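Descriptive structure summary
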Amino acid sequence: MSTDSTPRVLSIQSHVVHGYVGNKSAVFPLQVLGFEVDAINTVQFSTHTGYKHVKGTILKNEEMAELMEGLALNEVDYYTHFLTGYSRSPDSLKQIASIITKLKQKNQNLIYVCDPVMGDNGKMYVPDEVLPVYRDILVPLADILTPNQFEAEQITGLTMNDLDGALKIIDALHGKGVKTVVLSSTDLGDEENMIGIASNKDSCYKIVIPKFGATFTGTGDLFAALFMAWSHKTNKNLKLTLEKTIATLQHIVKDTFDKARAVQPTGKVSSALIELRLVQNKTTIEDPKITIEATKIKG
């Protein structure tokens, strides 16, 4: 068991050698915000899959089990937080569920943050067999859940056409046992803005998120990590956590986009130019300036 009050997180996600997705997107911001981070990489790829060529390896289930066994044997498997992201394997997700159970035996106050990465914009980019494992096994174990609109619809079987539909989906996810539900992005805004929604049963807030003319990779991973960190740092102040998370994301995305456009003024921006500028925005990660306030919609 840890002897100090530093929050300790185990993060099981993908890893890329170049760029920022999965653990590469989550670990640095968490460390900057004062977390000790132990990371297990479910894959080790050269880049994210948006590039033309992707090379690398996938962590086998027995290898993950071996790593966890090593942590347990050395008695360094005490965590305050557990974060999971992209996984293509139903068996791997079931293994993660058993890891959560063991970690909660060590610390019953462990906070599990689940980013159920399955797809976006109406299509799945993981095997269909992953969905029931999230829906029936992992989501009920989650303290904080950060799906996008498509993922939330898949998990609940409900459709989100308006704010009322979004609230029905959030209620359904609370009904599965999730304490805090955060819809990281929805299509409920307009051409220029997305809407994010966060709910903790007692209250619910929405926030307007301006869009940029590019598709960024790793923002969902960053969102989940930031939301977890600020939830801890604000003592679960939902409004402030949502505002700090979005303020950080928006600053990083705008800076990344502006720098990319300075190099490539027109056309679709190349993947290499819009890798999130995390290191360059360390001061923003530490102390984001809130420019967009969240609005209470319930509670």
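Whatever comes next refers back to the structure up there.
Residues numbered from 1 in each chain as written. Predicted model: local features only at pLDDT ≥ 70, side-chain atom pairs only at ≥ 80, totals over all residues. Heavy atoms only, no water.

Quick look at the environment of Lys206 now. Relative to the elements of secondary structure, Lys206 occurs in strand 11 (residues 204-210). For the pair Lys206 and Lys259, spaced 53 residues apart in sequence, the C-alpha to C-alpha distance is 29 Å. Dropping the residues within four chain positions of it, Lys206 is found in contact with Ile195, Gly196, Ile197, Ala294, Thr295 and Ile297. (Helix = DSSP H or I, 4+ residues; strand = E, 2+ residues; numbered from the N terminus. Contact = heavy atoms within 4.5 Å.)

Before going further, it helps to examine the layout of surface pockets. For the second largest pocket, the calculated volume is near 240 Å³. In this structure, the second largest pocket is lined by Ile111, Asp143, Ile144, Lys179, Thr180, Asn200, Phe227, Ser231, Lys236, Leu238 and Thr241. At the level of elements, helix 7 (219-233) and helix 8 (238-263) are the ones that each hand at least two residues to the lining of the second largest pocket. Taken together, the residues of the lining of the second largest pocket break down into four nonpolar, four polar and three charged. (1 Å grid on protein atoms, 1.4 Å probe; cavity = no way out; pocket = protein on both sides within 12 Å on 5 of 7 lines; lining within 4 Å. Points joined across faces, edges and corners; volume = space filled by probe spheres on them. Nonpolar A, V, L, I, M, F, W, Y, C, P; charged D, E, K, R; others polar.)

All right, on to the sheet that holds strand 1 (residues 8-16) then. Taken together, the ten strands give an open sheet; going across it, the order is 3-2-1-4-5-8-9-10-11-12, and neighbouring strands pair in mixed fashion. Single-partner strands in this sheet number two, and they are strand 3 (56-58) and strand 12 (295-298). Bridging between strand 2 (residues 36-45) and strand 3 involves three bridges; their strand directions are antiparallel. Considered in strand 3, the bridge of Gln44 is made with Thr57. Strand contacts of helix 7: strand 1, strand 4 (81-84), strand 5 (111-114), strand 8 (144-145), strand 9 (180-186) and strand 10 (193-199), with the helix running at about 165 degrees to strand 4, the strand carrying the most contacts. Packed on one face of the sheet, helix 8 meets strand 9, strand 10 and strand 11 and runs near 10 degrees to strand 11. (Pairing = 2+ DSSP bridges. Axes fitted to C-alpha atoms, helices over the stretch in contact; angles between N-to-C directions.)

Buried within helix 4 (residues 130-138) we find Val130, Leu131, Val133, Tyr134 and Leu138. Packed against the buried residues of helix 4 are helix 3 (90-106), strand 5, strand 7 (123-124) and helix 5 (149-156). (Buried < 20%, exposed > 50% of the residue type's maximum accessible area, 1.4 Å probe, protein only.)

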